[in-house]
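Coordinate inspection notes
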Amino acid sequence: MNYLKGLVRDSKLANKLYKCLENRGSTVHLNQVVGGAFSLYSAAAIERVGGLHIFLMEDRDSAADLVKDFYELLDDEHVCFFPSGDKRAVAYGSEDAQGVVQRTSTLNA
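The text that follows walks through the structure, step by step, so that each part is easy to find.

Quick notes on the rules
Residues numbered from 1 in each chain as written. Predicted model: local features only at pLDDT ≥ 70, side-chain atom pairs only at ≥ 80, totals over all residues. Heavy atoms only, no water. Helix = DSSP H or I, 4+ residues; strand = E, 2+ residues; numbered from the N terminus. Buried < 20%, exposed > 50% of the residue type's maximum accessible area, 1.4 Å probe, protein only. Areas by Shrake-Rupley, 256 points an atom, 1.4 Å probe, with all protein chains shown as cover. Phe/Tyr/Trp six-rings, centres within 6.5 Å; stacked < 30°, edge-to-face > 60°. Polar contact = N/O pair within 3.5 Å; in protein donor to acceptor, adjacent residues only side chain to side chain. Axes fitted to C-alpha atoms, helices over the stretch in contact; angles between N-to-C directions. Parallel < 35°, antiparallel > 145°, perpendicular 65-115°, else oblique. Contact = heavy atoms within 4.5 Å. Nonpolar A, V, L, I, M, F, W, Y, C, P; charged D, E, K, R; others polar. Core = buried A, V, L, I, M, F, W, Y, C linked by side-chain atoms within 4.5 Å.

**Remarks on the overall build of the protein chain**
Secondary structure assignment for the protein chain yields 6 helices and 0 strands. Traced from its N-terminal end to its C-terminal end, the protein chain shows the element sequence α-α-α-α-α-α. Counting over 109 residues, the protein chain shows a buried share of 26%. Put simply, the protein chain shows about 8300 Å² of open surface, and 51% of that area lies on carbon and sulfur atoms.

**Let's talk about the packing of aromatic side chains**
Enumeration over the complete set of coordinates arrives at 2 aromatic pairs. With 6.1 Å between their ring centres and 80° between their planes, Phe38 and Phe55 make a pair best called edge-to-face. Taken together, the residues Phe38 in helix 3 (residues 36-49) and Phe55 in the loop between helix 3 and helix 4 (60-73) connect sequence positions 17 residues apart. With 5.2 Å between their ring centres and 65° between their planes, Phe55 and Phe70 make a pair best called edge-to-face. Note that Phe55 is positioned in the loop between helix 3 and helix 4 and Phe70 in helix 4, a separation of 15 residues in sequence. Owing to a relative accessible area of 28%, Phe55 belongs among the partly exposed residues under this scheme. According to the relative accessible area criterion, Phe70 is buried, its value standing at 7%. Through pairs of rings, three or more aromatic residues link up here, namely Phe38, Phe55 and Phe70.

**Some points on the side chain of Ser11**
By the secondary structure assignment, Ser11 is in the loop between helix 1 (2-9) and helix 2 (12-20). According to the relative accessible area criterion, Ser11 is buried, its value standing at 16%. Among the polar contacts made by the side chain of Ser11, one reaches the main-chain amide nitrogen of Ala14 at a distance of 3.1 Å.

**What to know about the packing of helix 1 against helix 3**
In contact at an axis separation of 9 Å, helix 1 and helix 3 are set at 75° when each is read in the N-to-C sense. Judged by the angle between their axes, helix 1 and helix 3 are roughly perpendicular. Seen from helix 1, the contacting residues are Leu4, Lys5, Val8 and Arg9; seen from helix 3, they are Leu40, Tyr41, Ala44, Glu47 and Arg48. Of the residues contributing to the contact of helix 1 with helix 3, the split by class is 5 nonpolar, no polar and 4 charged.

**As for the nonpolar core**
Core analysis: the largest hydrophobic core is formed by 21 residues, its most contacted members being Tyr41, Phe70 and Leu74. For this core, the element with the most residues is helix 3, which contributes 7 residues. Apart from the residues lying within four places of it in its own chain, the contact partners of Leu74 are Ala43, Ile46, Glu47 and Val79.

**Structural notes on the environment of Gly36**
Summarising the element assignment, Gly36 is placed in helix 3. On the accessibility criterion, Gly36 (42% relative accessible area) is partly exposed. With 33 residues separating them in the primary sequence, Gly36 and Asp69 have C-alpha atoms 7.9 Å apart.

What follows is the structure, given as structure tokens:
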């Protein structure tokens, strides 16, 4: 994994990404970067630039995959997952207690 991180960290595309993220509050869209490459470039940017980064994924499975990759690529203490707050209580007759705890923990972090 460290070999791949090294290849990505010093690539031309990664350097362009770092430059885009130099401005605080910037929004960056990574187009045509798929699968593990998205996670590798994102983790490299997080390590290089620092700060808070928020990733919005199209569905829960994509978000879970990205979080799993980040746990492998970054320090666990710097990764938080904010699960959906959809209305499961109506469908299943109970509140998603684990989701409430995760959302609260992420907001506190």
